[in-house]
Number of protein chains: 2
Amino acid sequence: MNIFYFKNIKINNIIIFDKEEYKHIIALRINKYDSIYLTDGTGNLYKGYVSDFSFKKVYIYVDKHIKNCKPKYTINIGISIIKNMSRFRWFLEKSTEIGVNNITPIITDYTQLKTINNIDKYNKILISAIKQSNQTFKPHINNVVKYQDFIDQAFNDQIKNNQFNYIAHNKSIENSYLSDTYQKNSSVLIVIGPEGGFTDKEYLYAIKKKFLGIKICNNILRTETSGIAVLLELLLINR
Amino acid sequence: MNIFYFKNIKINNIIIFDKEEYKHIIALRINKYDSIYLTDGTGNLYKGYVSDFSFKKVYIYVDKHIKNCKPKYTINIGISIIKNMSRFRWFLEKSTEIGVNNITPIITDYTQLKTINNIDKYNKILISAIKQSNQTFKPHINNVVKYQDFIDQAFNDQIKNNQFNYIAHNKSIENSYLSDTYQKNSSVLIVIGPEGGFTDKEYLYAIKKKFLGIKICNNILRTETSGIAVLLELLLINR
């Protein structure tokens, strides 16, 4: 089963694929009247069929809404901007495969790169990853925010969303793991620091805002690897 | 603490760094007589100091063998060759960070690329990853082998090394997870298939050779992500 992505899908309407999606249809040798699955990235799964081909375009008639899989909980990650953008792109792909709902690039004291230009362009990576892994949910990449603003927002969301808030910190005084406190199928937010970690001041700020300090492992992991490790730990607990 | 890598280290001898390692020393602003740590990638940790600089070279006098950390168990992975070599390079880096001892690229029925040229060149990635994560063990990349030969060898090693042998397979009849059977701090070998997985024949061949079938998760993961996921699961169990 292959799932195609289109932003706005309406029943009994025609969708036109060109460029990448057109090439993908051709590569998969999908013919006229063949059925395909579609998602709008918000959990909806649709069925449609190829109604026509024209010059470098393919027309899809959407005839059925199959289901909407509303997630029972959300997984949110705030991660320091990574200087090497190929590592950030890799993180986006892998976190989407493994499962994440919201990704927020953050600026901390030790974050070297302070901005990400044109964040929307990274949506392409997410779309490609949800197609690859047959998912109907496209994670949301938020705009870059400052560390303290991210923590403040998470503090407010904690009660509203009944969510666990964690800060990954190798010098964590609690020295506990996520699995010690996290309850299966609960919403969660984790914040991951840059190379060099969080400053003591940053760490204490999060603790004051009711974050739980967690350690991922004894190994020294790069920022993007830490992010993937913690998302994978959640996947294993919730599988 | 920064660890530098050099293949043959002897006490009371001088090592000469040039090229990459020289640049690294300069970048870290290490001066004459400053101490540095060294490893030969076999678990040995040495201490030395910068005895001199000359034109694009730095001389390190090795004065102390600090320790040898012999691993209590080994982690071995056989993974289908990945067509996209940047994904393979990425797998090498991340598996080294997370922890692996032997990596064997294998050829299965659905493996698209049948060979890897000049496998030694990938050692650079491993060395860079052990330095980054302050490890003293450099994983070993074996030459490419055929699936059945890999399984046969693992079958022989199973008793000799008292090791758990697993095959990751989404259609695994056992439908069990690695954590259901794996015992903490034991040697382990896992085989990961290509996109499209193993054929039924391949899967049954491994089962006949006493492999345990395991499922990683419900998500559809790429080959390299599956490999990382299973290594991370081991890291979390053994932490």
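Please read all numbers here as calculations on a predicted model, not as lab measurements.

(A) The arrangement of the packing of aromatic side chains in detail. Within this structure, the stated rule accounts for 16 aromatic pairs over all chains. Residues Phe4(A) and Phe17(A) carry aromatic rings whose centres are separated by 5.8 Å and whose planes lie at 35° to one another, so their mutual orientation is tilted. Here Phe4(A), found in strand E1 (residues 3–5), pairs with Phe17(A), found in strand E2 (residues 13–17); they are 13 residues apart in sequence, far enough to count as distant. Among the residues examined, Phe4(A) registers a relative accessible area of 0% and is labelled buried. Residues Trp90(A) and Trp90(B) carry aromatic rings whose centres are separated by 4.5 Å and whose planes lie at 45° to one another, so their mutual orientation is tilted. Within this pair, whereas Trp90(A) is found in helix H2 (residues 85–98), its partner Trp90(B) is found in helix H2 (residues 85–98), the two belonging to separate chains. Here Trp90(A) matches Trp90(B) in class, with each residue buried. Members of the aromatic cluster, each reached through a chain of ring pairs, are Phe4(A), Phe6(A) and Phe17(A). Directly above the ring of Tyr177(B) sits Arg239(A), whose terminal nitrogen or CZ lies 3.5 Å from the centroid. A cation over a ring is seen here: Lys94(B) above Trp90(A), with NZ or CZ 5.1 Å from the ring centre.

(B) Up close: the confidence of the model for chain A. A residue-level look at chain A finds 99% of positions with pLDDT of 70 or above and a mean pLDDT of 93. Interface confidence in the predicted complex, given as ipTM, is 0.90; pTM for the same model is 0.92.

(C) Examining helix H4 (residues 147–160) of chain B more closely. All names here are of chain B. With 14 residues, H4 extends 20 Å from end C-alpha to end C-alpha; this agrees with the ideal 20 Å at 1.5 Å per step. Within H4, the full set of buried residues consists of Tyr147, Phe150, Ile151, Ala154, Asp157 and Gln158. Mapping the buried residues of H4 onto a view down its axis gives an arc of 130°, with all of them on the same face. Facing away from the buried side of H4, by more than 90 degrees, are the exposed residues Ile159 and Lys160. Where H4 ends, the next residue or the one after it, Asn162, has phi of about 50°, a positive value.

(D) Local environment of the sheet that holds strand E5 (residues 57–68) of chain A. All names here are of chain A. Read from one edge of the open sheet, five strands run E1-E3-E4-E5-E2, paired in mixed fashion. Each of the sheet's edge strands pairs with one partner strand only, and the pair in question is E1 and E2. Direction aside, the axes of adjacent strands within the sheet are offset by 45° on average. Taken together, the five bridges between strand E3 (residues 35–39) and strand E4 (residues 44–54) define a ladder with antiparallel strand orientation. Following the sheet pairing, Leu38 is matched in E4 by Tyr46. The strands touched by helix H3 (residues 123–132) within the sheet are E1 and E3, with E1 carrying the most contacts at an inclination of about 160°.

(E) Representation of the relation of the copies chain B and chain A. Note on the copies: chain B fits chain A at an RMSD of 0.1 Å, the axial shift is 0.1 Å, and the rotation between them is 180°. Put plainly, the chains are arranged around a two-fold axis. Counting the interface residues of chain B, we find that 100% of their copies in chain A are interface residues as well, pointing to one common contact surface.

(F) Local environment of the interface of chain B and chain A. Contacts between the two partners involve 29 residues from chain B and, on the opposite side, 30 residues from chain A. Here chain B and chain A share an interface that buries about 2600 Å² over both sides, 53% of which is from carbon and sulfur atoms. Of all residues in chain B, Gln132(B), Ile220(B) and Arg239(B) give up the largest surface area on contact with chain A, accounting jointly for 25% of the area buried on that side. For the salt bridge of Glu97(A) with Arg222(B), the shortest nitrogen-to-oxygen distance reads 4.0 Å. Remark: the boundary between chain B and chain A carries 24 residue pairs in polar contact (both at pLDDT 80 or more). Contributions of two or more residues to the side of chain B that touches chain A are made by H2 and helix H7 (223–238) of chain B. With seven residues, the single largest contributor to the side of chain B that touches chain A is H7(B).

(G) The arrangement of the nonpolar core in detail. Counting residues in hydrophobic clusters, the biggest one holds 82 residues, and the most contacted among them are Phe91(A), Leu92(A), Tyr122(A), Phe91(B), Leu92(B) and Tyr122(B). Each residue touching Leu92(A), except ones within four places of it in the same chain, is listed here: Ile103(A), Tyr122(A), Ile125(A), Leu126(A) and Ile141(A).

(H) Region of the structure containing the environment of Asn13(B). Residue and element names in this part refer to chain B. Along the chain, Asn13 falls in strand E2 (residues 13–17). Overall, the relative accessible area of 36% leaves Asn13 in the partly exposed class. Sequence separation between Asn13 and Ser35 is 22 residues, and the spatial gap between their C-alpha atoms is 15 Å. Sequence-distant contacts of Asn13, defined by excluding residues within four places in its chain, comprise Ile60, Tyr61 and Val62.

Cut-offs and rules
- Residues numbered from 1 in each chain as written.
- Chains lettered and ligands numbered in written order.
- Predicted model: local features only at pLDDT ≥ 70, side-chain atom pairs only at ≥ 80, totals over all residues.
- Heavy atoms only, no water.
- Phe/Tyr/Trp six-rings, centres within 6.5 Å; stacked < 30°, edge-to-face > 60°.
- Helix = DSSP H or I, 4+ residues; strand = E, 2+ residues; numbered from the N terminus.
- Buried < 20%, exposed > 50% of the residue type's maximum accessible area, 1.4 Å probe, protein only.
- Lys NZ or Arg CZ within 6 Å of the ring centre and 35° of its normal.
- pLDDT = per-residue confidence, 0-100.
- Expected span 1.5 Å × (residues − 1).
- Arc of directions from axis to C-beta.
- Pairing = 2+ DSSP bridges.
- Axes fitted to C-alpha atoms, helices over the stretch in contact; angles between N-to-C directions.
- Contact = heavy atoms within 4.5 Å.
- Least-squares fit on C-alpha atoms with pLDDT ≥ 70 in both.
- Buried area = accessible area lost by both parts, 1.4 Å probe.
- Salt bridge = Lys/Arg side-chain N within 4 Å of Asp/Glu carboxyl O.
- Polar contact = N/O pair within 3.5 Å; in protein donor to acceptor, adjacent residues only side chain to side chain.
- Core = buried A, V, L, I, M, F, W, Y, C linked by side-chain atoms within 4.5 Å.

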